[in-house]
Amino acid sequence: MERTLSIVKPDGTKKNVIGKVIDRFESAGFRVAAMKKIQLSKEDAKGFYFVHRDRPFYDELTDFMSSGPVVVMVLEGENAILKVRELMGSTNPAEAAPGTIRADFASNVQQNTVHGSDSPESAAIEIPYFFSSLELC
Ligand code: CMP
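The structure presented is a predicted model; accordingly, all values stated were derived computationally and were not measured.

Caption draft 1: View of the site of the ligand. Near the ligand, the surroundings consist of Lys9, Tyr49, His52, Phe57, Leu61, Thr91, Arg102, Val109, Gln110, Asn112 and His115. Side-chain polar atom of Lys9 to an oxygen atom of the ligand: 2.8 Å apart, as the coordinates give it. Contact between the ligand and Val109: an oxygen atom at 3.3 Å from a main-chain N or O atom of the residue. Within the complex, 78% of the 460 Å² of free accessible area of the ligand lies under protein. For the shell around the ligand, the residue count by class is four nonpolar, five polar and two charged.

Laid out in structure tokens, this is it:
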């Protein structure tokens, strides 16, 4: 059993596809261990994406992530980190495999509908960024 942090990004909440995204995860056998809809501040988004602070898209990305509500969730299941990323598809939806979440719902490389932790090390930082251990069940 492994846990990963996933986010339905502001483009996903705006398009009203929260349920459709969660259905992809549940239909693949993953369980929601925690979930909430929140509005990130610019500072919240900068903290979450701190690892990307030197990238040219950092400012634009954190503007976007704080532009509307997001749904943050912890998904659990076997090989969750890798499998959830497979369900999401490539970062750039133009390169995402047919049937993946990003191929079906994302607009572009920034407004790409979902986030998923990219490694166990990232998940170990990202899950407690949004949830206390009491909120995981
Ligand atoms: P995510 O999986 O949340 O991790 C980092 C995010 O940075 C990524 O999804 C994209 O939303 C964004 N991103 C990655 N590459 C680019 C890029 N070239 N231009 C703009 N945003 C990007």
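Alright, that's what it looks like, and here's the rest.
Caption draft 2: Structural view of the sheet that holds strand 2 (residues 31-38). Strand order in the open sheet made by the four strands is 2-3-1-4, with antiparallel pairing throughout. Each having just a single partner strand, strand 2 and strand 4 (114-116) make up the two edges of the open sheet. Within this sheet the neighbouring strands show an average axis-to-axis angle of 15 degrees, counted without direction. Relative to strand 4, strand 1 (residues 2-8) runs antiparallel, the two sharing three bridges. Along strand 4, the bridge assignment pairs Ile7 with His115.

Caption draft 3: View of helix 7 (residues 120-130). Along helix 7, the positions that sit buried rather than exposed are Ser122, Ala123, Glu126, Ile127 and Phe130. Around the axis of helix 7, the buried residues are gathered within 120 degrees of arc, so they sit on the same side. Opposite the packed face of helix 7, turned more than 90 degrees from it, sit the exposed residues Glu121, Ala124, Ile125 and Pro128.

Parameters and conventions
Residues numbered from 1 in each chain as written. Predicted model: local features only at pLDDT ≥ 70, side-chain atom pairs only at ≥ 80, totals over all residues. Heavy atoms only, no water. Near = heavy atom within 4 Å. Polar contact = N/O pair within 3.5 Å; in protein donor to acceptor, adjacent residues only side chain to side chain. Areas by Shrake-Rupley, 256 points an atom, 1.4 Å probe, with all protein chains shown as cover. Nonpolar A, V, L, I, M, F, W, Y, C, P; charged D, E, K, R; others polar. Pairing = 2+ DSSP bridges. Helix = DSSP H or I, 4+ residues; strand = E, 2+ residues; numbered from the N terminus. Axes fitted to C-alpha atoms, helices over the stretch in contact; angles between N-to-C directions. Buried < 20%, exposed > 50% of the residue type's maximum accessible area, 1.4 Å probe, protein only. Arc of directions from axis to C-beta.

By themselves, these observations are geometric and do not establish any function.
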